[in-house]
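A look at the structure
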Amino acid sequence: MAEGSWHKVADLDEIGENECRTVKAGGKLVALARTGDGYHALDNRCLHVGGPLGQGAIEDGYIVCPWHGREYDLKTGVCPNIDERIAVYAVETRGDGIYVLISEG
C-alpha cells in the first residue's frame, strides 16, 4: 500500500452527484468529484494550460476542463485522445466525511 496521509476534504453529501469542486489535501489542490459509483480525486491542474479541473463538469465518467474541454477519466486520470495522464488519489468515505490519500515525497 502506498505510504502517505489521509486528509479530510469534505463532509458527507457536501458534493452532489455528478458535481466536482476543488479541495485542499496535504498542501495539494485536488479535484474531488462525485458520481453514481462514488467519489474520485484527481490532480486539479489540467495538463493543457493548467485549467482548474475542480471547476469543470462531469460527463460520462470523465472530468472536463472548464477552459478548453480536455477530458480525463475519473478512475485512471487518462486523457482519451492524447497520451497523457494526471495523478489520481485514493478516496475513502468515512462516517465523518470524505478523505483523500496524499503520498509522501
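Everything below is about the structure printed above this text.
Quick look at the structure, then. Since the structure is predicted, the reported quantities are computational estimates derived from the model, not experimental observations. (Residues numbered from 1 in each chain as written. Predicted model: local features only at pLDDT ≥ 70, side-chain atom pairs only at ≥ 80, totals over all residues. Heavy atoms only, no water.)

**Some remarks on the side chain of Asn44**
- Assignment of secondary structure puts Asn44 in the loop between β4 (38-43) and β5 (57-59).
- Separated by 3.1 Å, the side chains of Asn44 and Thr22 make a polar contact.
- A polar contact is formed between the side chain of Asn44 and the backbone nitrogen of Gly54, at a distance of 2.7 Å. (Helix = DSSP H or I, 4+ residues; strand = E, 2+ residues; numbered from the N terminus. Polar contact = N/O pair within 3.5 Å; in protein donor to acceptor, adjacent residues only side chain to side chain.)

**A word on the sheet that holds strand β3 (residues 28-35)**
- Overall, antiparallel pairing links the 4 strands, which are arranged β2-β3-β4-β8 in an open sheet. Taken across any chain shown, the strands that pair with only one partner, and hence form the sheet edges, are β2 (19-25) and β8 (88-89).
- Taken together, the 6 bridges between β3 and β4 define a ladder with antiparallel strand orientation. Among the inter-strand pairings, Val30 is bridged to a residue of β4, identified as Asp43. (Pairing = 2+ DSSP bridges.)

**Some points on the state of the cysteines**
- Here the structure, examined in full by the defined rule, presents 0 disulfides.
- In this structure Cys46 is a free cysteine whose sulfur lies 4.0 Å from that of Cys65, the closest cysteine sulfur available.
- The class of Cys46 is buried, set by a relative accessible area of 1%.
- The thiol of Cys79 is not disulfide-bonded; the next cysteine sulfur, from Cys46, is found 7.7 Å away. (Disulfide = S-S within 2.5 Å. Buried < 20%, exposed > 50% of the residue type's maximum accessible area, 1.4 Å probe, protein only.)

**A closer look at the sheet that holds strand β10 (residues 97-103)**
- In spatial order, the strands read β1-β10-β9; together these 3 strands make up an open sheet with antiparallel pairing. Strands at the two margins of the open sheet, each flanked by one partner only, are β1 (4-10) and β9 (91-94). In this sheet, neighbouring strand axes are inclined to one another by 30° on average, regardless of whether the strands run parallel or antiparallel.
- Alignment of β1 against β10, held across 6 bridges, turns out to be antiparallel. Following the sheet pairing, Ser5 is matched in β10 by Ile102. (Axes fitted to C-alpha atoms, helices over the stretch in contact; angles between N-to-C directions.)

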